[in-house]
Protein chains: 2
Amino acid sequence: MLEQIDLSKKMSKEEKKRRMEVLQPELGRLQRQLKEAGIPVMIVFEGFGAAGKGYQIAQLIEALDPRGFYVNSTASESEEERMHPFLWRFWTKIPAKGQIAVFDRGWYRKVLLDRFDKTTPENEVAEHLQEINSFERQLTADGTVLIKLFLCIDKKEQKRRFEKLMNHPETAWRVTKDDLKRNRHFGEYKRMNDEMLEATDTDCASWMVIESMDREFATVKIYTAVISALRQALLEKEERVRAETTAAATAEVATGTAKSKRGKKKQTGKPEEEMLSFDMLRASSLDKADLTLSLDRTEYKRELDALQKRIEVLHSALYRKHIPVVIAFEGWDAAGKGGAIKRLTSHMDPRGYRVNPTASPNDFEKVHHYLWRFWRNMPKDGHIAVFDRTWYGRVMVERVEHFATDEEWQRAYQEINEMEKQLCSHGTVILKFWMQISKDEQEKRFRARMEDPDKRWKITDEDWRNREKWDAYKTAVDEMLMRTSTTYAPWIIVEGNDKYYARVKVLRKTVEALEAALKRKA
Amino acid sequence: MLEQIDLSKKMSKEEKKRRMEVLQPELGRLQRQLKEAGIPVMIVFEGFGAAGKGYQIAQLIEALDPRGFYVNSTASESEEERMHPFLWRFWTKIPAKGQIAVFDRGWYRKVLLDRFDKTTPENEVAEHLQEINSFERQLTADGTVLIKLFLCIDKKEQKRRFEKLMNHPETAWRVTKDDLKRNRHFGEYKRMNDEMLEATDTDCASWMVIESMDREFATVKIYTAVISALRQALLEKEERVRAETTAAATAEVATGTAKSKRGKKKQTGKPEEEMLSFDMLRASSLDKADLTLSLDRTEYKRELDALQKRIEVLHSALYRKHIPVVIAFEGWDAAGKGGAIKRLTSHMDPRGYRVNPTASPNDFEKVHHYLWRFWRNMPKDGHIAVFDRTWYGRVMVERVEHFATDEEWQRAYQEINEMEKQLCSHGTVILKFWMQISKDEQEKRFRARMEDPDKRWKITDEDWRNREKWDAYKTAVDEMLMRTSTTYAPWIIVEGNDKYYARVKVLRKTVEALEAALKRKA
């Protein structure tokens, strides 16, 4: 989940101040409503050292009535706590109905710090993650609102902050040897965090990543996330009460659609203007893709030729080593998926790979689970399956066009991650390419296709209609990249305005991944 | 789940025949309705070798229209299947909407046969169980009805059946060396089955154990289970459709109560009379408890004295070894919990144990999760916590008296098992005693208390009222014993009509468990 984050997000002090003047009273108002409604709330701050947890907690509670909340600082376990199952100390600290409990670090220590220190053996990590998920499921099933915030900075920024702290005697004590060690091995520690996020980003308790290089931006994002979640909880409670009243009156029960209203209610009034927009909450680093990247024709030819020859060799090595490979292509219409696939496969042995084009499901596919048709085409050991569009249709076109209910596409992130994890556990190499082009470039290509009699068939009215929904698709793509870029199957964003550059990048990334897989199995 | 099964259940051929004449057409009728409603159905037969899976599948499909179902026999993986993730072959075989897929053995091989054969390493078992749960959750979330049947026989009966098969040349081939090996190590293989059942008995896909010593009984139970599940699915679909219609009309959404109607709809017509009653489906071996067991006073005194001295020694050893112990008491009113607890603790060091009496939750407890007050009282390492009534109130009194919604108590089995598993993983010894007395014995004790001025306070009008609900409580107790008797925290049924016998059994079982725990940690 941390791979596709855009850490460059910023906000000026003035803007933040202006927004907070509206957001703080709004949060205070919500706290009173929650108390009245008897809803317990848990807000967990996790994240890298020096990411600003303390500062942000202080910012958040400024808006709260102190009689209704408390802050728990999760340090190392006390003697007493060590003498109990590790979740005991959190069970005993859950908030009462109407209370807000803020946790400065949550119940993830065993799979983060302790794992890094090797006090948690690797073979116990999975069990602890399951215990954590069970804890969160049990609480949310009971009506607790659980807001999980992960504060993210990069290695360099962390080092800078540590050094700043160490330069002052009154703050130097706050930086421990362990902090510095985790900074030195930032990559490894980040992977552990990422695995934790992946395993605990569940339907009932999802994570919100807070880009925390800039304090002001982070504060406003946290307020936005908390306010949205609390409003949602109040709305759901309201609907439940109304449903119970209705049910009692008419003895009829309507069901299954409450969740699908998530986030749909039209919010009115001033606070909305000061909250970050909905798509900002899940915005990925996609906008940061440098679309000016390009290759000239000579370079292209040379690199392409070398890479294709390399792939030919690797393909045969994979076959001998029984390694299956999945190469998935997604991207905007006319982003160059077809061209890339053609170059990718041109030197492969046709007996060892298959390209699966994905159109709208046919009648037989429609009467099965949406993943069925993809499962059927998963490669066997030693084979390569290329997918031209994929199972990600569930969280893109089916989401945007409402072919899937909100409930369906919302749970699909977890379902898709689970499928890819199973493939990966079996030994499958998974490559997922997102072909990125600008909206202007797309238009240019559409027009070029229209003008070329040989290519006119490639462009339909539907393409133009989809184009009108660019922004809706963009939001969906952002959330997809964030939530399904996993340690075992990360997304690769391909800067596609220049076709030469894009094709070479696809081939190069493929070669790298296959070489790494062969090395692992050597 | 297999510990508290009553395998002696029987039915005459005539009775079965009579019932089947009604149940078969009913199943056929339901198949047509399901087809029309477009609901996919999966029926999985698991269980011990020679438990009668083949026979029972044949019985079941007799009622079905062959155009609407197919049977998958799950043998060892084919070459092709081995070259994919292990769930691939099941994903590719899921039924279309309106179809019924019957599985002769399901997707559990990796955690049963393969685990027993050590082809699945122990450290991969947990991951496979998770993959299985994900598979089942994904399918049921999508609307598939998943019916999981576990056919259970005992070691002796299995051996008898194997021998019978081997005695005829035309059937001898059906018994393999591996079958005989699993029979020889029946206890070990049973534990693996039990762990599989525990881990996959989820809210969305629960198991139905079929006592299969008697074929006729098993067939009728299977029909009952399948018919109930299919009806339930149709009912839920109907409600969903109605809800969507209502929602569209009024733009109002009622929610969260559909599940709580489970199994409540009054069924009318003839088939009901021929199905097993609802409480028979989950009936445990409780009725088999031999309540005539007794001890005379001299024996009692002698045994009690010896056991109490032993407990004194063990208690101090536990303290030194930092082993925490939970001893939970449940049982009918006046079943002798208090008396047993008194004898159990009389020689313990009071600094090392605490008795937690559980009354109705107070106001502060009520505004927390129902498990919170029990978590708070869980013992620290080296200490003993005795609970006089427990968290099982959720699935007994709260279920029967409707203090919890159906949805709440139904998910509680899993929640409770998870809590106990966490305690157990931490190293806690868990003893759970169900104090069993007959209804007559209870009345005798109630009357005796009324007549004794010193004990009259112990008996209230509520006790008499609860007594009137004996049958409803019995159903709840049966289901509780079945679903929460786990390998890590099994229930111990204490035959309690004779107080001497009961107390000695409680102490003896405690001594055994503590000795075993100390030995493990030695």
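Relevant structure appears above.
Residue positions are given per chain, counting from 1 as you read along its sequence in written order. Following the order in which they are written, the chains are lettered starting with A and the ligands numbered starting with 1. The predicted origin of the model limits local features to residues at a pLDDT of at least 70 and limits the giving and counting of side-chain atom pairs to 80 or more, whereas totals for whole chains, interfaces and linings rest on all residues. To obtain the side-chain values, all non-hydrogen atoms of the structure were used and water was disregarded.

1. Examining the overall build of chain A
A tally of regular secondary structure across chain A gives 23 helices and 10 strands. Each radius of gyration reported is based on C-alpha atoms, and the globular scaling rule is 2.2 Å times the count of residues to the power 0.38. Compactness check: chain A gives a C-alpha radius of gyration of 25 Å against a globular reference of 24 Å for 522 residues, within 12% of the reference. Once the C-alpha set of chain A is aligned to its principal axes, its extents read approximately 70 × 60 × 45 Å. Here chain A holds 522 residues, and the buried ones make up 56% of them. When checking whether two residues touch, look at their non-hydrogen atoms; a contact exists if any pair is within 4.5 Å. Counted over contacts in chain A with a minimum sequence separation of 6, partners at least 24 positions apart contribute 82%. Carbon and sulfur atoms form 50% of the exposed surface of chain A, whose accessible area is close to 23300 Å². His is not counted, nor are the chain ends; Lys and Arg add positive charge and Asp and Glu add negative charge. For the purpose of locating charges, the reference atoms are NZ of Lys, CZ of Arg, CG of Asp and CD of Glu. Of the charged side chains in chain A, 94 are positive and 86 negative, and the gap between their average positions amounts to 2 Å. Helix numbers and strand numbers start at the N terminus; a helix is a DSSP run of H or I with at least 4 residues, a strand a run of E with at least 2. Per-residue accessibility, obtained with a 1.4 Å probe over protein chains only, is compared with the maximum for each type, and a residue is labelled buried under 20%, exposed over 50%, and partly exposed between these values. Areas reported here follow the Shrake-Rupley algorithm with a probe of radius 1.4 Å; residue values treat only the protein chains shown as occluding.

2. A closer look at the interface of chain B and chain A
The partner chain A presents 58 residues to the 57 residues of chain B that form the contact. Salt bridge criterion: a side-chain nitrogen from Lys or Arg within 4 Å of a carboxyl oxygen from Asp or Glu. Viewed at the interface, chain A and chain B are joined by four salt bridges. Arg137 of chain A serves as the salt-bridge partner of Glu418 of chain B, at 2.3 Å between the closest nitrogen and oxygen. Side-chain atoms alone can form a polar contact between residues adjacent in sequence; in general such a contact is a pair of N or O atoms within 3.5 Å, and within protein one must be able to donate a hydrogen while the other accepts it. In this structure, the connection of chain B to chain A is made through 36 residue pairs in polar contact (both at pLDDT 80 or more). Residue assignment for the side of chain B that touches chain A shows that the elements contributing at least two residues are α3 (79–82), α4 (88–91), α6 (122–141), α11 (215–250), α17 (372–376) and α19 (406–426) of chain B. Grouping the amino acids of the side of chain B that touches chain A by side-chain chemistry returns 22 nonpolar, 14 polar and 21 charged. Basically, the charged four are Asp, Glu, Lys and Arg, the nonpolar ten are Ala, Val, Leu, Ile, Met, Phe, Trp, Tyr, Cys and Pro, and anything else, Gly included, counts as polar.

3. Digging into the packing of aromatic side chains
Two rings belonging to Phe, Tyr or Trp (six-membered ring only in the last case) form a pair when the distance between their centres is within 6.5 Å. Interplanar angles under 30 degrees mark stacking, angles over 60 mark edge-to-face geometry, and anything in between is tilted. The final tally for this structure, using the stated rule, is 50 aromatic pairs over all chains. Taking NZ or CZ as reference, Arg215 of chain A lies 3.8 Å from the ring centre of Tyr55 of chain A, over its face. Across from the ring centre of Trp409 of chain B, 4.0 Å away, lies the NZ or CZ of Arg399 of chain B, which sits over that ring. The rule for a charge over a ring is simple: NZ of Lys or CZ of Arg within 6 Å of the ring centre, and within 35 degrees of the ring normal.

4. Points about the packing of helix α19 (residues 406–426) of chain A against helix α22 (residues 470–484) of chain A
Residues and elements named next belong to chain A. Think of each axis as a best-fit line through the C-alpha atoms, taken over the contacting stretch in the case of a helix, with angles from 0 to 180 degrees between the N-to-C directions. At a closest axis distance of 10 Å, the pairing of α19 and α22 adopts a crossing angle of 40 degrees. By the angle between their directions, the pair α19 and α22 is classed as oblique. Of the two possible hands of crossing, α19 and α22 adopt the one that is right-handed. Of the residues in α22, those touching α19 at Trp409, Tyr413, Asn417 and Glu420 are Glu479, Met480, Arg483 and Thr484. Of the residues belonging to the contact of α19 with α22, the class tally is three nonpolar, two polar and three charged. For classification purposes, angles smaller than 35 degrees are called roughly parallel, those larger than 145 roughly antiparallel, those between 65 and 115 roughly perpendicular, and all remaining angles oblique. Should the near helix be turned counterclockwise from the far one by less than a right angle, the crossing is left-handed, whereas a clockwise turn marks it as right-handed.

5. Some details on the pairing of strand β1 (residues 41–47) of chain B
Residue and element names in this part refer to chain B. The buried fraction of β1 is high, at seven of seven residues. Going residue by residue along β1, you find Val41, Ile43, Phe45 and Gly47 tucked away on one face and Met42, Val44 and Glu46 tucked away on the opposite face as well. Relative to strand β3 (residues 100–104), β1 is paired through five bridges, and the arrangement is parallel. Looking at β3, one finds that Val44 is bridged to Phe103. Between any two strands, pairing holds if DSSP finds at least two bridges. The sheet contact formed by β1 and strand β4 (residues 145–152) spans seven bridges and is parallel. Following the sheet pairing, Ile43 is matched in β4 by Ile147.

6. Considerations on the sheet that holds strand β8 (residues 384–388) of chain A
All names here are of chain A. The sheet built from five strands is open, its strands ordered β7-β8-β6-β9-β10 with parallel pairing. Taken across any chain shown, the strands that pair with only one partner, and hence form the sheet edges, are β7 (353–357) and β10 (491–495). Ignoring strand direction, the axes of neighbouring strands in this sheet form an average angle of 20 degrees.

7. Remarks on the relation of the copies chain B and chain A
The second copy of the chain is related to the first by a rotation about an axis and a shift along the axis. Each copy is superposed on the other by least squares, with the fit set by C-alpha atoms of residues at a pLDDT of at least 70 in both. Of the transformation superimposing chain B on chain A, the axial component is 0.0 Å and the angular component is 180 degrees, with the fit at an RMSD of 0.0 Å. This pairing of chains is accounted for by a two-fold axis. The fraction of interface residues of chain B whose copies in chain A are also interface residues reaches 100%, indicating that both copies meet through the same surface.

8. Looking at the pattern of salt bridges
Residues and elements named next belong to chain A. The full count for this structure, using the stated rule, is 91 salt bridges over all chains. Two residues, Asp287 and Lys474, come together in a salt bridge whose shortest N-O distance is 3.2 Å. Note that Asp287 is positioned in the loop between α13 (278–281) and α14 (297–321) and Lys474 in helix α22, a separation of 187 residues in sequence. Accessibility expressed as a relative area gives 14% for Lys474, which makes it buried. Between Lys444 and Glu441 there is a salt bridge, and its shortest N-O distance comes to 3.3 Å. With a gap of three residues between them, Lys444 and Glu441 both fall in helix α20 (residues 439–451), about one helical turn apart. Via salt bridges that share partners, Glu26, Arg29, Arg231 and Glu272 belong to a single interconnected network.

9. Observations concerning a positive patch on the surface
Patch membership is restricted to residues that have no salt bridge and whose relative accessible area is over 30%. Joining uses 9 Å for like charges and 5 Å for the nonpolar side chains Val, Leu, Ile, Met, Phe, Trp and Tyr. Side chains of Lys342, Lys455, Lys458 and Lys499 of chain A sit close together on the surface and give a patch of like positive charge. Counting through the fold element by element, Lys342 of chain A comes out in helix α15 (residues 337–345).

10. What to know about the sheet that holds β1 of chain B
The strands making up a sheet associate through hydrogen bonds between their backbones, and the pairing can be parallel or antiparallel. Residues and elements named next belong to chain B. Spatially, β2-β3-β1-β4-β5 is the arrangement adopted by the five strands of the open sheet, whose pairing is parallel. Among the strands making up the open sheet, the edge pair consists of β2 (69–73) and β5 (207–211). Going from strand to strand, the sheet's axes swing by 20 degrees on average, the running direction of each strand aside.

11. Considering unusual backbone geometry
Residue Ala334 of chain A is not a glycine yet carries a positive backbone phi of 65 degrees. Its location among the elements puts Ala334 of chain A in the loop between β6 (325–331) and α15. Phi is positive for His322 of chain B, which is not a glycine, with a value near 60 degrees. Looking at where His322 of chain B falls in the secondary structure, it is placed in the loop between α14 (297–321) and β6 (325–331). Overall, the relative accessible area of 47% leaves His322 of chain B in the partly exposed class.

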